[in-house]
Amino acid sequence: MLSATELELLMQNVVFAHQETCQFRQENLQILRWETFTPEEMQSLQQKPMDQMWERCVCHITDAIQYIVEFAKRLSGFMDLNPNDQIVLLKAGAMELLLIRMSRAFNWYNSTVFFEGKYAQLELFHSLGCHDLISSMFEFCQSLCALNLSEHEMAFFSAMTLLDPSLHWLQERHKVDTLYRKIHLAFRNLLQRTHREFILTKLPEKEKLSSICQLHLEKLNIFRQMYPSIAWERFPPLYKELFI
Ligand SMILES: COc1ccc2c(n1)CCN(C(C)=O)[C@H]2C(=O)Nc1ccc(OCc2ccccc2OC)cc1
């Protein structure tokens, strides 16, 4: 059982882990959110060759995933898990946490997402050839923005998404489960104190997140069939370790 002090310490750990690794400050993202690409810039990006656009996007999101790995390492208990389980959790959760964090850099008024310094519409990513992946990403960000999560809520939602005790291949499932339950308890405690319990029923289901991640893996495989050497030669090692 968790004492009030342990609960408070755990809450601080989760919130600090998020705050210290969130890559972009909320206020900076807000300032930029009305900076959109000119039609000329849009056109030039839409005409980039598929392999070039894939490489640019993969490099940017891999930078973001570095921060997500750092977030996981700072969660108390994560580093005490056996290395195999740490990898299993990150392989399953990295892209899921990217999507959750991406909603912080999403402008739901005009459906644009932060990309290379400005906010981009869906069409900008045309040359990637994965319209369904990008549109389901946009839909997901839209639905998460509607909940208007605080940074604290975002931190807990991310930690609970990462520490998924139901994952196949986990060797010490009970340890992940104990961590998950503690964080869930601290989250419920926060929501009760802030009268935000209702969001628990409105958070996106696990299945939604994992279906978008599945789509990402499918599109990656199609890309690799079209450009077999690019993925090996030009994609960052972390991206290859997690997704290839
Ligand atoms: C954590 O939240 C955020 C939010 C925005 C950004 C970042 N982090 C990192 C820094 N960044 C920069 C430098 O642009 C932003 C970015 O990468 N934006 C962006 C990249 C690719 C997109 O769709 C393509 C795609 C998506 C998923 C998987 C494969 C994909 O293509 C192959 C859409 C938007």
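Our subject in this report is the structure included herewith. The shown structure was predicted, so the numbers you read here are calculated from the model rather than taken from an experiment. (Residues numbered from 1 in each chain as written. Predicted model: local features only at pLDDT ≥ 70, side-chain atom pairs only at ≥ 80, totals over all residues. Heavy atoms only, no water.)

### Things to note about the overall build of the chain
The cut-off we apply is this: A run of H or I in DSSP counts as a helix once it spans at least four residues, and a run of E counts as a strand once it spans at least two, with each numbered from the N terminus. We compute the radius of gyration from the C-alpha atoms alone; for a globule the expected value is 2.2 Å times N to the 0.38, where N is the number of residues. For every residue, the accessible area obtained with a 1.4 Å probe (protein chains only) is divided by the maximum for its type, and the residue is called buried under 20%, exposed over 50%, and partly exposed between those limits.
Helix and strand counts for the chain stand at twelve helices and three strands. Taken over C-alpha atoms, the radius of gyration comes to 18 Å for the chain, in line with the 18 Å a tight globule of 244 residues would show. Judged by the C-alpha coordinates and their principal axes, the chain covers about 60 × 40 × 25 Å. Buried positions account for 50% of the 244 residues belonging to the chain.

### Observations regarding the layout of surface pockets
In this approach, a probe sized like a water molecule rolls over the atoms, and the result shows the empty space that is left. Counted only if it meets this: Two kinds of site are reported from a 1 Å grid over the protein atoms alone, namely cavities, where a 1.4 Å probe fits but cannot get out, and pockets, open sets with protein on both sides within 12 Å along at least five of seven lines, and residues are called lining when an atom falls within 4 Å of a point. Grid points are joined across faces, edges and corners, and a volume is the space filled by probe spheres set on the points. Gly counts as polar in this scheme, as do all residues outside two lists: the nonpolar Ala, Val, Leu, Ile, Met, Phe, Trp, Tyr, Cys and Pro, and the charged Asp, Glu, Lys and Arg.
By volume, the largest pocket amounts to about 630 Å³. Within the residue set of the lining of the largest pocket, elements represented by two or more residues are α4 (50-74), α5 (83-102), β2 (112-115), α6 (131-146) and α10 (206-226). Per-element accounting of the lining of the largest pocket gives the leading share, six residues, to α4. A per-class count over the lining of the largest pocket returns 26 nonpolar, three polar and three charged. Roughly 430 Å³ of volume is contained in the second largest pocket. Around the second largest pocket, the lining comprises 25 residues; the ones closest to its centre are Val88, Lys91, Ala92, Gly93 and Leu167. Secondary-structure elements contributing two or more residues to the lining of the second largest pocket are α5, α7 (151-162), α10 and α12 (237-243). The dominant element in the lining of the second largest pocket, judged by the number of residues it contributes, is α5, at nine residues. Of the residues assigned to the lining of the second largest pocket, the class counts are 13 nonpolar, eight polar and four charged.

### Quick look at the site of the ligand
What counts here: Working definition: residue near molecule or strand if any one of its non-hydrogen atoms lies within 4 Å of it. Whenever a nitrogen or oxygen atom comes within 3.5 Å of another N or O atom, the pair is scored as a polar contact, on the condition that within protein one atom can donate a hydrogen and the other can accept it, and that pairs from neighbouring residues in sequence are kept only if both atoms are in side chains. Values of accessible area rely on a 1.4 Å probe in the Shrake-Rupley scheme; residue burial ignores everything except the protein chains shown. Occupancy of a cavity or pocket is assigned to a molecule whenever over half of its atoms lie within 2 Å of that pocket's grid points.
Residues in close proximity to the ligand total 19 residues, the closest being His60, Ile61, Phe114, Phe115 and Glu116. In this structure, phenylalanine 114 approaches the ligand through a main-chain N or O atom, which is 2.9 Å from a nitrogen atom. Glutamate 116 places a main-chain nitrogen or oxygen 2.7 Å from an oxygen atom of the ligand. With the chains in place, 95% of the 700 Å² that the ligand exposes on its own is no longer accessible. The cavity that encloses the ligand is the largest pocket. Those elements that place two or more of their residues in the shell around the ligand are α4, α5, β2 and α6.

### Some remarks on a nonpolar patch on the surface
Test applied: Only residues whose relative accessible area exceeds 30% and that form no salt bridge enter a patch; like-charged residues are grouped when within 9 Å of one another, and nonpolar side chains (Val, Leu, Ile, Met, Phe, Trp, Tyr) when within 5 Å. Any Lys or Arg side-chain nitrogen located within 4 Å of an Asp or Glu carboxyl oxygen qualifies as a salt bridge.
Together, Trp34, Trp108 and Tyr109 make up an exposed nonpolar region whose accessible area comes to about 420 Å². Along the chain, tryptophan 34 falls in the loop between α2 (26-32) and α3 (39-46). The class of tryptophan 34 is exposed, set by a relative accessible area of 53%.

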